[in-house]
Amino acid sequence: MTAIENAHNIEALRALARKRLPRMVFDYIDGGADDEITLGRNDRRYGDYELNFKSLVDISKIDLETTVMGATSKAPIIVTPTAAQRLFNPRAGEAAVARAARKAGLVYCLSTLASTTIEDIARHTDGPKWFQVYVWKDRAIVEKAMERAKAAGFTGLILTVDVPVAGNRERDHLNAFTIPPKINAKTVSQVLARPGYLWDMATTPEILAANWADMDTGGMGIIQFLDSQFDRTVTWEDAKWMKEAWGGPFAIKGIARPDDALRCVHAGADAVWISNHGGRQLDTAPATIDTLADIVAAVDGQAEVILDGGIRRGTDIIKALALGATAVAVGRPYLFGLGAGGQAGVERALDILVSALERDMALVGATRLSDLTPDFVRMPR
């Protein structure tokens, strides 16, 4: 049995990724903003919610299939967009993640800052896929990306709104981390300690924001150019414009408040995506699970609700669904798998979560996702 096959939870995959990746790359996955309080809360707060299970329920058949923003998924788990996935496995990257998501029957999301092109991802998967964007200063850049995504068969668009500026990710500062990684006085010992990773980096193409590699940047580096395109004047009117320009299923990602969730509905969003960017932006923001019930109440069925942040167990997923989420999204779990073992690691991460959800549905006494209601969840007095 391989180490990947012997990993029975997400933490085991995290440990394997830590052994394989240079510290600066592992910390880029693993770290958060400032004192990493929100990063820790996202995970820990699930443990404070108790599951009040039902007994003597016929659990001979468990059905996890669902539909999110019109896309059919074998389980209510979305492979969330994360940037530059070839950083975590230079030979695999987004292509491996897309193939693993297709094999699991889950919705795959491609980041606008991916290290693999829109068109290449379409060649790797004919499964359900969504594309993630920001509102940039040059709207024509965004429009062109949306046109490419539509042509490649992407059916959903995700607008990320919780990155008006980059969060203070101090692990990256301490490691002098850049994309692509550069070997310097701070990082040379880290890279040399992982010769397998160094060989992969040296014998594969440079890691770039692949969808923009041919863009005229006026002499600026591509990452510097894209950073300069983040628009600090973005408002809800821009979200409305993007929904109209896309013309299809549309989610707004990075919501933490009920009033903003209602604004998503008024902007035409088909899904409100609760997220604090994995604790990587504003530290001391609440754990996403703690904001869920109030947002679901505010939306009141006018849009679907997706939640990410801290999902590690089947019981975490059940709690989110019981409190009103349509689906959950995961990032770090599959990135740990990618770093640990390429596509096989991603497949293992997704299988751990789907299998755990099926088992824990049986244990809680629910055979369909629609069975999960708030009475399954309680907070201890």
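It should be noted that the structure appears before, not after, this text.
Analysis parameters
Residues numbered from 1 in each chain as written. Predicted model: local features only at pLDDT ≥ 70, side-chain atom pairs only at ≥ 80, totals over all residues. Heavy atoms only, no water. Helix = DSSP H or I, 4+ residues; strand = E, 2+ residues; numbered from the N terminus. Rg over C-alpha atoms; globule rule 2.2 N^0.38 Å. Buried < 20%, exposed > 50% of the residue type's maximum accessible area, 1.4 Å probe, protein only. Contact = heavy atoms within 4.5 Å. Areas by Shrake-Rupley, 256 points an atom, 1.4 Å probe, with all protein chains shown as cover. Axes fitted to C-alpha atoms, helices over the stretch in contact; angles between N-to-C directions. Parallel < 35°, antiparallel > 145°, perpendicular 65-115°, else oblique. Nonpolar A, V, L, I, M, F, W, Y, C, P; charged D, E, K, R; others polar. Pairing = 2+ DSSP bridges. 1 Å grid on protein atoms, 1.4 Å probe; cavity = no way out; pocket = protein on both sides within 12 Å on 5 of 7 lines; lining within 4 Å. Points joined across faces, edges and corners; volume = space filled by probe spheres on them. Expected span 1.5 Å × (residues − 1). Arc of directions from axis to C-beta. Polar contact = N/O pair within 3.5 Å; in protein donor to acceptor, adjacent residues only side chain to side chain.

Topic: the overall build of the protein
Stage number 1. Counting its secondary structure elements, the protein contains 15 helices and 12 strands.
Stage number 2. The globule rule puts the C-alpha radius of gyration for 381 residues at 21 Å, and the 20 Å found for the protein is close to it.
Stage number 3. Considered along the principal axes of its C-alpha atoms, the protein spans approximately 65 × 50 × 40 Å.
Stage number 4. A burial count over the protein gives 55% of its 381 residues as buried.
Stage number 5. Long-range contacts, defined here as pairs at least 24 residues apart, represent 73% of the contacts in the protein between residues at least 6 apart.
Stage number 6. Element-wise, carbon and sulfur atoms account for 52% of the exposed surface of the protein, whose accessible area totals about 16300 Å².

Details of the packing of helix α1 (residues 10–20) against helix α15 (residues 332–364)
Stage number 1. For the pair α1 and α15, interaxial distance at closest approach is 10 Å and the crossing angle is 175°. Considered as vectors, α1 and α15 are oriented roughly antiparallel to each other. Across from Ile10, Leu13, Arg14, Leu16, Ala17 and Arg20 in α1, the residues of α15 making contact are Pro333, Phe336, Gly337, Gly339, Ala340, Gly345, Arg348, Ala349, Ile352 and Leu353.
Stage number 2. Of the residues contributing to the contact of α1 with α15, the split by class is 10 nonpolar, 3 polar and 3 charged.

Section: the pairing of strand β11 (residues 327–330)
Stage number 1. Burial along β11 is two-sided: the face carrying Ala327 and Ala329 and the face carrying Val328 and Val330 are both buried.
Stage number 2. Pairing between strand β4 (residues 77–79) and β11: 3 bridges, direction parallel. Each bridged residue has a counterpart across the sheet, and for valine 79 the counterpart in β11 is valine 330.
Stage number 3. As paired elements, strand β10 (residues 304–308) and β11 share 3 bridges and run parallel to each other.

Re empty space enclosed by the protein
Any empty space left between atoms is shown by rolling a water-sized probe over those atoms.
Stage number 1. Going through the model one piece at a time under the given rule, you end up with 1 cavity of 30 Å³ or more.
Stage number 2. As for the largest cavity, its lining consists of Thr112, Val133, Tyr134, Trp136, Val142, Ala145 and Trp212.
Stage number 3. Looking at the lining of the largest cavity, its residues break down into 6 nonpolar, 1 polar and no charged.

As for helix α6 (residues 139–151)
Stage number 1. When the terminal C-alpha atoms of α6 are compared, their 19 Å separation across 13 residues agrees well with the 18 Å that a helix rising 1.5 Å per residue should span.
Stage number 2. Among all positions in α6, only Ile141, Val142, Ala145, Met146, Arg148 and Ala149 are buried. Buried residues in α6, looked at end-on, bunch into an arc of 160°, giving them a common side. More than 90 degrees from the buried face of α6, the exposed residues found are Lys144, Glu147 and Ala151.
Stage number 3. Measuring from the backbone nitrogen of alanine 140 back to the side-chain oxygen at the start of α6 gives 3.0 Å, which picks out aspartate 138 as the cap.
Stage number 4. Remark: glycine 153 follows α6 within two positions and exhibits a positive phi of approximately 95°.

Details of the environment of valine 272
Stage number 1. Structurally, valine 272 is set in strand β9 (residues 271–274).
Stage number 2. We classify valine 272 as buried; its relative accessible area is 0%.
Stage number 3. Taking the C-alpha atoms as reference points, valine 272 and glycine 314, separated by 42 residues in sequence, lie 22 Å from one another.
Stage number 4. Not counting chain neighbours up to four residues away, the residues in contact with valine 272 comprise Ile252, Ile255, Ala261, Cys264, Ile295, Val299, Ala303, Glu304, Val305 and Ile306.

Let's talk about the layout of surface pockets
Stage number 1. Its boundaries defined by the atoms lining it, the second largest pocket holds a volume of some 750 Å³.
Stage number 2. Around the second largest pocket, the lining comprises 33 residues; the ones closest to its centre are Val161, Asp162, Val163, Pro164 and Gly254.
Stage number 3. Each residue belonging to the lining of the second largest pocket can be placed in one class, and the counts come to 18 nonpolar, 10 polar and 5 charged.

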